[in-house]
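Fold and contact review
These are the residues of each chain, in order.
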Amino acid sequence: MRILKTQTLRGPNYWSIRRNKLILMLLDLEELTEKPSNELAGFYDGLAQVLPSLIEHQCSRGYRGGFLERVKEGTLMGHIVEHVALELQELAGMPVGFGRTRETSTPGVFNVVFEYVEEQAGRYAGRAAVRLCKSVVETGTYPARELEQDLTDLKELCANTALGPSTETIIKEAEARKIPWMWLSARAMLQLGHGANQKRIQATLSNNTSILAVELACDKEGTKTILENAGVPVPQGTVIEYLDDLEQAIADIGGYPIVIKPLDGNHGRGITININDPSEAETAYDLASKSSKSRSVIVERYYQGNDHRVLVIDNKVVAVAERVPAHVTGDGQSTVKELIEITNQDPKRGDGHDNVLTKITIDPTSKAVLAKQGYDLGSILPLGTVAYLRATANLSTGGVAIDRTDEIHPENLWLAQRVAKVIGLDIAGIDIVTSDISKPLRETKGVIVEVNAAPGFRMHAAPSEGLPRNVGASVLEMLFPNNAPSSIPIVAITGTNGKTTTTRLTAHIYRQTGKIVGFTATDGIYIQEYLVEKGDNTGPYSAGAILRDPTVEVAVLETARGGILRSGLAFDSCDIGVVLNVAADHLGLGGIDTIEQMARLKGVIAETVKPGGYAILNADDPLVAAMAAKVSCKVAYFSMNPDNPIVSEHIRRNGLAAIYENGYLSILEGKWTLRIEKAVNIPMTMRGMAPFMIANALASCLATFAQGVDIEEIRRGLRTFEVSSEQIPGRMNLFDLGEYHALVDYAHNPHGYLAVGDFVKNWQGNRIGVVGGPGDRRDEDLILLGNISARIFDSILIKEDEDSRGRKPGEVADLISKGICQENPNINYEIILDETEAINTALDRAKNNNLVVVFPDKIAQAIKLIKQRLN
Ligand code: ATP
Ligand code: ATP
Ligand code: MG
Ligand code: MG
């Protein structure tokens, strides 16, 4: 058994629309192809013993133990690997459940698909599952230490990529509100929402957070001054830069007890509190000075009381926590060291910020703090006695947090809200020292010690005691008040042919509304008429570029099969999903061998439309029309046939449709026919002579109409959409060369040839074809191109692409000529492999009223050759 390929799917895909974070492994079972599990001696027992928790997997049976039952009765190894990969992740603390295993057209080679939480961990789980299964097959077991190592590695991979606790609080809430989110590529910035409606966060800084406010908050002395001037109680203190000034400073603030801290510190670093004599003060000065970038040190009065953190978001107090420094409580027999070990066994305690609480560390600081209380690590604490290991209450140094949100006094609430506003922070963590937060600071002589920008949420979302507070919700409410839109309209367009044309037309119509439109297509990423990036941009990367762009108000995304297959869509849902057609092209690539499989793949677009949106389906294409049964949104159909029965039935039920009737492109809305425009007035339809262009236009009309675009604007768009070789090179570009005409079109599969054929057949005069086909298509597809060519042309030149895509030179041309001869052995045809030479020959031969049709590989070059002959 061997892994041939591993892919990561990150959005709606062929295998699943909703549970779409999937690992896809192409697995060759090799010697195990013919061996179901019941024929492998000892396998069932071995597996059940190595991973007893597999008993929980129901599999298709739908009850506990179902999967193991199937292993006992006999199932293939691909299926078992899938379940093991899921279970390994589950055991490492990543809940997953979805999996599928299907044989490909190559016997013994399977697609094994399973869910992941963290991508790298998912890929690892796949490899480990194969290792584990192989070992059970060969030796009847898998060594316990190897399993343990796998789980350790998996946990580590998960922890490495896990979000910080504050970010996670916000993201969980965003997901609950169905607000899309994505990482930006730098500075750990996250985007919430799409396009012009996006917001950004970085930990608990938001795009509303003012840099002035952050810098003020980071300047503790400046903060105190501003607050003091606003009548807010703050510690009395002063700033010094030299040890020589210490004595005077202490005297100035009225003597001991005092606190010394760095001017610009955080996380409690470099702080000594409750200092009572000069030698202590000197040590504290050194510590603080070393931790300060500016070497400046704050000397201030020590205020008795407990430490409180008040979280203010968008000018409202949303949570209050009391923070207690790292401590242990005596049991009358254990030493302080032992008590620390016991405390650290709490599974809630992790290293650093990655857990609800942090482990208590033993270091010089903790020893010094102990000494001050008259203890050392060996002291046995009397029952119930508390020994502190830190003077400050930061969670990251082992402190705990108790929720006090319901207890804060209204006056303190008012004060905190006012302080946040005075400093100017949208998200502020205010540190208050007071003996009792339920009494006004005025009465307890409490003080506001500092104001934090980017405060941690961990102590509020997961306090060690008291009610957890959904502070993430307050952030989202601030960023997207009253369900303000977070996304932008997304129109996704797929099909075998016509995607680029329909995408460009849809974008063009949308632009008539004055909106800023971003679109992706085969030739590039565009915003308005500007090219952002050149190249084939029909996959999730390009879609992501548009969805990330803060200027884009509407996204129109050409979405080709390749991207959906390789990594899934870049969005979890769209507003409009257009499926133009499904024809035999690209079959045999990426495990998609039949046209039905291709339909399922393209159907992903329709199935991804959100409930209020529309799937826009071609009623003339049975495979596309059938997608209606699988969608969870509304459906609108388009058809070239006014009497299409699917459309008639849909209209009878008050549905929405677009049809071509009496020379008009019309929208049908219930019993009303809204005529948009006559085909002859729409340039792209070649005066109505190119039926497939009418079909593409109908799809665009429906897509925009369903989004509320005015008929007037749709009409204007249709009339002004140019198909010139400048605007859309290679899409039905017709050139008048005086004596004869030339048409350049990018048709490259039978369906496209037929479509262009419908136009060519209308031509009065001889038709010369310059034809070819991509080398990676199946033999029968290339032969079919020959058949069709023989039907639509009077004479034919066969040429080949420069990139033969794996075939020998001449092979493609031979297959096409075979097709030509099958259809019409008497037709005049010739093979000229070089495209330029073939085009020139055809143009040289063209005479009176001929039409030369070029299906080029190199569109720009073909257009250039023709343009050289203009006048
Ligand atoms: P953090 O980043 O966790 O907010 P920090 O390094 O910015 O910490 P401060 O908030 O200024 O430092 O101080 C840390 C803690 O020390 C306070 O929360 C408070 O408990 C205590 N503290 C600081 N100054 C005083 C003071 N003047 N009187 C009493 N306690 C104080
Ligand atoms: P690609 O997969 O290469 O990106 P596409 O789906 O984006 O193609 P377009 O670029 O719009 O398609 O059109 C390519 C060619 O396909 C056209 O020049 C035409 O020959 C043919 N075509 C376009 N629309 C249709 C249609 N609705 N039905 C059949 N053929 C079409
Ligand atoms: Mg603080
Ligand atoms: Mg395209």
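Since the model is a prediction, treat every value here as computed from it, not as a measurement.

1. Some remarks on the overall build of the protein chain
What the protein chain contains, in helices and strands, is 29 helices and 38 strands. Projecting the C-alpha coordinates of the protein chain onto the three principal axes gives extents of approximately 110 × 70 × 55 Å. Each of the 871 residues in the protein chain was classed as buried or not, and the buried ones make up 54%. Considering only intrachain contacts with a sequence separation of at least 6, the fraction spanning at least 24 residues in the protein chain is 66%. Of the accessible surface of the protein chain, which amounts to about 36900 Å², a share of 49% is contributed by carbon and sulfur atoms.

2. Observations regarding the site of ligand 1
Near ligand 1 you find 25 residues, and of these Lys-220, His-267, Asp-307, Asn-394 and Glu-450 are the closest. Note that a nitrogen atom of ligand 1 is positioned 2.9 Å from one of the side-chain N or O atoms of Glu-300. Burial of ligand 1 by the protein amounts to 96% of the accessible area it has alone, namely 610 Å². Listed by contribution, the elements that provide at least two residues to the shell around ligand 1 are strand 10 (258-262), strand 12 (297-301), strand 13 (306-313), strand 20 (427-434) and strand 21 (447-453). Per-element tally for the shell around ligand 1: the top contributor is strand 21, with three residues. Here the shell around ligand 1 is built from residues that sort into eight nonpolar, seven polar and 10 charged. Two domains share the shell around ligand 1, each providing at least three of its residues, namely domain 2 (236-301) and domain 3 (316-481).

3. Focus on the coordination of the magnesium ion (ligand 4)
Each donor-metal-donor angle in an ideal tetrahedron of four donors is 109.5 degrees, and each such angle in an ideal octahedron of six donors is either 90 or 180 degrees. Summarising the metal site, the magnesium ion (ligand 4) is bound by the protein donors Thr-500 (OG1), Thr-522 (OG1) and Glu-558 (OE), whose distances to it range over 1.9 to 2.1 Å. Linear spacing of the donor residues for the magnesium ion (ligand 4) on their chain is T-x21-T-x35-E. One end of the pair, Thr-522, is in the loop between strand 23 (517-521) and strand 24 (524-527); the other, Glu-558, is in strand 26 (residues 554-558), and 36 residues separate them in sequence. Since its relative accessible area comes to 3%, Glu-558 is described here as buried.

4. Comments concerning the coordination of the magnesium ion (ligand 3)
Taken together, the protein ligands of the magnesium ion (ligand 3) are Asp-431 (OD) and Glu-450 (OE), with distances of 1.8 to 2.0 Å. Residue Asp-431 is found in strand 20, and its partner Glu-450 is found in strand 21; the two are separated by 19 residues along the sequence.

5. Some details on empty space enclosed by the protein
Enumeration according to the criterion identifies two cavities of 30 Å³ or more in this entry. Forming the boundary of the largest cavity are 14 residues, of which Gly-539, Pro-540, Ala-543, Thr-559 and Leu-569 lie nearest the centre. Secondary structure elements with two or more residues in the lining of the largest cavity: helix 18 (540-548), strand 26 and helix 19 (561-567). Roughly 30 Å³ of volume is contained in the second largest cavity. Taken together, Gly-773, Gly-775, Glu-800, Asp-801, Asp-803, Ser-804 and Val-812 make up the full set of residues lining the second largest cavity. Taken together, the residues that form the lining of the second largest cavity break down as one nonpolar, three polar and three charged.

6. Quick word on the pairing of strand 14 (residues 316-324)
Of all nine residues in strand 14, eight are buried, a share of seventy percent or more. In this structure, strand 13 lies alongside strand 14, joined through seven bridges in antiparallel fashion. Counted as the bridge partner of Arg-309 is Ala-321 from strand 14. If you look at the hairpin formed by strand 13 and strand 14, you'll find two residues sitting between the two strands, and Asp-314 has a positive phi there, around 50°.

7. Points about the domain arrangement of the protein chain
Along its sequence, the protein chain is carved into domain 1 (2-162), domain 2 (236-301), domain 3 (316-481), domain 4 (490-720) and domain 5 (733-867). The distance between the C-alpha centroids of domain 1 and domain 2 comes to 59 Å.

8. Comments concerning the site of ligand 2
Surveying the vicinity of ligand 2 reveals 21 residues, the closest of which are Thr-500, Thr-501, Thr-522, Arg-731 and Asp-745. One of the side-chain nitrogen or oxygen atoms of Thr-501 is found 2.5 Å away from an oxygen atom of ligand 2. In this structure, an oxygen atom belonging to ligand 2 sits 3.0 Å away from a side-chain N or O atom of Glu-558. Here ligand 2, which alone exposes 620 Å², has 94% of that area covered by the protein.

9. A look at the packing of aromatic side chains
Overall, the coordinates contain five aromatic pairs when judged by the stated rule. Aromatic pair Tyr-753 and Phe-855: ring centres 4.2 Å apart, planes at 25°, arrangement stacked. Separated by 102 residues along the polypeptide, Tyr-753 in helix 25 (residues 750-760) and Phe-855 in the loop between strand 38 (851-854) and helix 29 (859-867) bring together distant segments of the chain. Take Tyr-753: its relative accessible area is 0%, and that puts it in the buried class. For Phe-855, a relative accessible area of 2% puts it in the buried group. Clustering of aromatic rings is evident, with ring pairs tying together Tyr-753, Phe-793 and Phe-855. Over the ring of Tyr-526 we find Arg-504, and its NZ or CZ is 4.8 Å from the ring centre. In this structure, Arg-675 is placed above the aromatic ring of Tyr-664, and the distance from its NZ or CZ to the ring centre is 4.2 Å.

10. As for helix 18
Those residues of helix 18 that fall on the buried side of the exposure criterion are Ser-542, Ala-543, Gly-544, Ile-546 and Leu-547. Next to the buried residues of helix 18 lie strand 5 (181-183), strand 6 (190-192), strand 22 (490-494), strand 23, strand 24 and strand 26.

11. Digging into the packing of helix 6 (residues 165-176) against helix 16 (residues 471-479)
Relative to each other, helix 6 and helix 16 sit at 65°, their axes nearing to 8 Å. By the angle between their axes, helix 6 is roughly perpendicular relative to helix 16. Considering only the axes of helix 6 and helix 16, their crossing is right-handed. Contacts between helix 6 and helix 16 involve Thr-169, Ile-170, Glu-173 and Ala-174 from the former and Val-471, Gly-472, Ala-473, Val-475 and Leu-476 from the latter. Each residue belonging to the contact of helix 6 with helix 16 can be placed in one class, and the counts come to six nonpolar, two polar and one charged.

12. Examining the side chain of Asn-412
Locating Asn-412 in the fold gives a position in helix 13 (residues 410-423). By relative accessible area, Asn-412 is classed as buried at 2%. Polar side-chain contacts of Asn-412 include one of 3.0 Å to the backbone nitrogen of Leu-441. Not counting the four nearest positions on each side in its chain, Asn-412 is found in contact with Ile-437, Lys-439, Pro-440 and Leu-441.

13. Some words on helix 7 (residues 211-218)
Of the residues making up helix 7, those classed as buried are Ala-213, Val-214, Leu-216 and Ala-217. All buried residues of helix 7 fall inside an arc of 165° around its axis, so they share one side. For helix 7, the exposed residues lying more than 90 degrees away from the buried face are Ile-211, Leu-212 and Glu-215. Its buried side turned inward, helix 7 meets strand 8 (205-206), helix 8 (220-229), helix 13 and strand 21. Put simply, Ser-210 is the residue that caps the front of helix 7, since its side-chain oxygen is 3.1 Å from the backbone nitrogen of Leu-212.

14. Observations regarding the environment of Ile-859
If you trace the backbone, Ile-859 turns up in helix 29. With 134 residues separating them along the chain, Ile-859 and Ser-725 place their C-alpha atoms 9.4 Å apart. Look past the residues within four positions of Ile-859 in its chain and what remains in contact with it is Pro-729, Gly-730, Arg-731 and Tyr-746.

15. Thoughts on the nonpolar core
Core analysis: the largest hydrophobic core is formed by 74 residues, its most contacted members being Val-556, Val-578, Ile-616, Phe-638 and Leu-718. Of the domains in this structure, domain 4 (490-720) and domain 5 (733-867) are the two that each give at least three residues to this core. Apart from residues lying up to four places away in sequence, Val-556 is in contact with Val-491, Ile-493, Thr-503, Thr-506, Ala-507, Tyr-510, Val-517, Gly-518, Phe-519 and Thr-520. Of all hydrophobic cores here, the second largest spans 51 residues; its members include Ile-564, Ile-605, Met-627 and Val-635.

16. Concerning the pattern of salt bridges
If you walk through the whole model with that rule in mind, you get 46 salt bridges. Lys-261 is the partner of Glu-300 in a salt bridge, and the nearest nitrogen-oxygen pair spans 3.0 Å. Of this pair, Glu-300 sits in strand 12 while Lys-261 sits in strand 10; the two residues are 39 residues apart in sequence, bridging distant segments of the chain. With respect to class, Glu-300 is no different from Lys-261; both count as buried. Each of Glu-221, Lys-224, Lys-261 and Glu-300 takes part in a single network of salt bridges with overlapping partners.

The rules behind the values
Throughout this document, residue positions are counted from 1 along each chain, in the order its sequence is written. Each chain gets a letter, beginning with A, and each ligand a number, beginning with 1, in the order they are written. Whole-chain, interface and lining totals are the exception, using all residues; otherwise, since this is a predicted model, local features are given only for residues with pLDDT of at least 70 and side-chain atom pairs are given and counted only at 80 or more. Side-chain descriptors were evaluated using all non-hydrogen atoms of the structure, hydrogens and water having been removed beforehand. Secondary structure elements follow DSSP: runs of H or I no shorter than four residues count as helices, runs of E no shorter than two count as strands, and numbering proceeds from the N terminus. Relative accessibility under 20% of the residue-type maximum defines a buried residue, over 50% an exposed one, and the middle range a partly exposed one, all with a 1.4 Å probe and only protein chains included. Contacts are residue-level and defined by heavy atoms, with any inter-residue pair within 4.5 Å sufficient. For the area figures, the Shrake-Rupley method with a 1.4 Å probe applies, and any residue is considered shielded solely by the protein chains shown. Throughout, the term near means that a residue has one or more heavy atoms lying within 4 Å of the molecule or strand in question. Two N or O atoms count as a polar contact when they lie within 3.5 Å, although within protein this holds only if one can serve as hydrogen donor and the other as acceptor, and sequence-adjacent residues are included solely when both atoms are side-chain atoms. Ten residue types, Ala, Val, Leu, Ile, Met, Phe, Trp, Tyr, Cys and Pro, are classed as nonpolar, four, Asp, Glu, Lys and Arg, as charged, and the remainder, Gly among them, as polar. Segmentation of the chain into domains, including their bounds, is taken from an automatic or database domain assignment. Think of the donor list as every N, O and S atom within 2.8 Å of the metal, or within 3.2 Å for Na, K and Ca; water never makes the list, so a site can look incomplete. Buriedness of a pocket was judged along seven lines, with at least five required to meet protein on both sides within 12 Å; pockets are open sets of points on a 1 Å grid over the protein atoms alone, cavities are sets where a 1.4 Å probe fits but cannot get out, and lining residues have an atom within 4 Å of a point. Grid points are joined across faces, edges and corners, and a volume is the space filled by probe spheres set on the points. Pairing between strands requires that DSSP locate at least two bridges from one strand to the other. Think of it this way: a Phe, Tyr or Trp ring, Trp meaning its six-membered ring, pairs with another when their centres are within 6.5 Å, and the plane angle makes it stacked under 30 degrees, edge-to-face over 60, tilted otherwise. Any Lys NZ or Arg CZ that is within 6 Å of a ring centre and within 35 degrees of that ring's normal is treated as a charge sitting over the ring. Interaxial angles span 0 to 180 degrees and are taken between N-to-C directions of axes, which are lines fitted to C-alpha atoms, for helices over the stretch in contact. The labels follow the angle: roughly parallel below 35 degrees, roughly antiparallel above 145, roughly perpendicular from 65 to 115, and oblique for the rest. By convention the crossing between two helices is left-handed if the near helix lies anticlockwise of the far one by an angle smaller than a right angle, and right-handed if it lies clockwise. The directions considered for the arc are those from the helix axis to the C-beta atoms. To define a nonpolar core, start from buried Ala, Val, Leu, Ile, Met, Phe, Trp, Tyr and Cys residues and group those joined through side-chain atoms within 4.5 Å. Each reported salt bridge corresponds to a side-chain nitrogen of Lys or Arg within 4 Å of a carboxyl oxygen of Asp or Glu.

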